Amino acid sequence: MIREFFKQLPDTNWRAFLVGISCIVLLLSLQFVGRKWGKKYRALWYLSVARNAIVLVLFTAISWGVNKSRRSDPLFGISKAKSTGIIPPKQLDSVLLLKVAGRSVAVFLAAALEHLAIGKAFGRRHGYVIEQDQELSYIGLVNMFGSFFSSMPVTGGFQRTAVNSESGVKSPLSGLATTACVLVSIYKLTDAFYWIPSATLSAIIIVAVRQIILPFHVFWHYWKTSFADFIGSMVAFWVTLFVDVEIGIAVAVGYSLVYVLLRLAFSGVTMVTTDNFSKLYQSQSNSKVAAVPDDAMLFML
């Protein structure tokens, strides 16, 4: 993606560029207003929370105004969203199921890891802890149900989660509002969504995801905490970035297995008797260690 970005710079559509930059500036401005004066003025807080919808509606209207007479050749990229409704449920294709069974393992691992990583990232940001078994149960149940409707694999997405977070969502009940909006969009608003500028959608995602990008000092903290874990995180990150998500996961898992095996193979075992143990901690008068029974024997790895 990075290579293609620089490769296609000479072919930049300046109108789409202006739309994207304008959306980013407006989104950041509304966000700044909400954070600075939102607590004092409730109207500004609501304006800030609804910034994604405001930008989407505003620039969709602009796009319709300038492109309505150029439907086949718009001045800048538009979504051209179309809908055929919801596909009715049907029985699973057993032949297709056998063909994709092997590859589905990698899809599951990628989906599960991404989902848990997103949950932990936003949990740290907002001060809560996720229940990982519940999250995995959710993924399994939703994907089993969705398979009867030819649904794409479902998992947590950084972009969608970031947009929800920046919009002030604090409850899973937001899914009901999202579902209602999707259903209304599928059946009633498809003609309007046809004119959404692609640059506007990109700007909303860029501004939302920007909030969860880790600063460099976090990686320095990884280095100080555990150099081995730092190397593992770097291997996973760079391989995923430049090769593929599945390959990145496989390489990271392989690195972890090799590291654990080597650590076990070359670890020394030292036996510490009660006398030596007591003398060791008696010499450290400032150490807060409970008294060791006379008949205790400690084996330390």
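Analysis parameters
Residues numbered from 1 in each chain as written. Predicted model: local features only at pLDDT ≥ 70, side-chain atom pairs only at ≥ 80, totals over all residues. Heavy atoms only, no water. Helix = DSSP H or I, 4+ residues; strand = E, 2+ residues; numbered from the N terminus. Buried < 20%, exposed > 50% of the residue type's maximum accessible area, 1.4 Å probe, protein only. Contact = heavy atoms within 4.5 Å. Areas by Shrake-Rupley, 256 points an atom, 1.4 Å probe, with all protein chains shown as cover. Core = buried A, V, L, I, M, F, W, Y, C linked by side-chain atoms within 4.5 Å. Expected span 1.5 Å × (residues − 1). Arc of directions from axis to C-beta. Phe/Tyr/Trp six-rings, centres within 6.5 Å; stacked < 30°, edge-to-face > 60°. Axes fitted to C-alpha atoms, helices over the stretch in contact; angles between N-to-C directions. Parallel < 35°, antiparallel > 145°, perpendicular 65-115°, else oblique. Nonpolar A, V, L, I, M, F, W, Y, C, P; charged D, E, K, R; others polar. Patch = residues over 30% accessible without salt bridge, like charges linked within 9 Å, V, L, I, M, F, W, Y side chains within 5 Å. Salt bridge = Lys/Arg side-chain N within 4 Å of Asp/Glu carboxyl O. Left-handed = near helix turned anticlockwise from the far one by under 90°.

What follows is about the overall build of the chain. What the chain contains, in helices and strands, is 14 helices and two strands. Residue burial in the chain is summarised as follows: out of 301 residues, 22% are buried. Sequence-distant contacts, at least 24 apart, represent 71% of the contacts inside the chain between residues at least 6 apart. Carbon and sulfur atoms provide 67% of the accessible area of the chain, an area that totals close to 22000 Å².

Next up on the list: the side chain of T200. Note that T200 resides in helix α10 (residues 198-210). Not counting chain neighbours up to four residues away, the residues in contact with T200 comprise V19, C23, V55, L56 and F59.

Next up on the list: the nonpolar core. In terms of nonpolar packing, the biggest core is built from 13 residues, with V19, C23, L27, V55, F59 and I78 touching the most fellow members. Tallying contributions element by element places α10 first for this core, with four residues. Aside from chain neighbours lying at most four places away, what touches F59 is V19, S22, C23, L26, P197 and T200.

If you check helix α4 (residues 51-67), its first and last C-alpha atoms are 24 Å apart, about what 17 residues at 1.5 Å a residue would give, namely 24 Å. All of the buried residues in α4 are R51, N52, V55, F59, T60, S63 and N67. Viewed along the axis of α4, the buried residues span an arc of 150 degrees, placing them on a single side of the element.

Under the counting rule described, the total for this entry stands at twelve aromatic pairs. With 5.0 Å between their ring centres and 75 degrees between their planes, W45 and Y46 make a pair best called edge-to-face. Measuring from centroid to centroid gives 5.1 Å for Y194 and W195, while their planes differ by 80 degrees, and the two rings are edge-to-face. Per residue, the accessibility class of Y194 equals that of W195, and both read buried.

So, about the packing of helix α5 (residues 94-126) against helix α13 (residues 245-265). Relative to each other, α5 and α13 sit at 80 degrees, their axes nearing to 10 Å. The orientation of α5 with respect to α13, classified from their angle, is roughly perpendicular. Seen from α5, the contacting residues are R103, A106, L109, A110 and L113; seen from α13, they are V245, E246 and I249. Residue composition of the contact of α5 with α13, by class: six nonpolar, no polar and two charged.

With respect to the secondary-structure elements, R3 resides in helix α1 (residues 2-7). For the pair R3 and F242, spaced 239 residues apart in the sequence, the C-alpha separation amounts to 9.5 Å.

Turning our eyes to something else, we now look at a nonpolar patch on the surface. A cluster of nonpolar side chains, I2, F5, F6, L9, F237, W238, L241, F242, V243, I247 and V251, forms an exposed patch at the surface whose accessible area comes to about 1100 Å². For the nonpolar patch, the secondary-structure elements that each account for two or more residues are α1, α12 (227-242) and α13. Broken down by element, the nonpolar patch gets its largest block of residues, four residues, from α12. On the accessibility criterion, I247 (41% relative accessible area) is partly exposed.

What follows covers the packing of helix α2 (residues 14-37) against α10. Look at α2 against α10: their axes get within 8 Å of each other, and the N-to-C directions meet at 40 degrees. Relative to α10, the element α2 is oriented oblique. Note on packing geometry: the crossing formed by α2 with α10 is right-handed. The segment α2 lies against α10, with A16, V19, G20, C23, I24, L27, L28 and Q31 engaging A199, T200, A203, I204, I206, V207 and R210. A per-class count over the contact of α2 with α10 returns eleven nonpolar, three polar and one charged.

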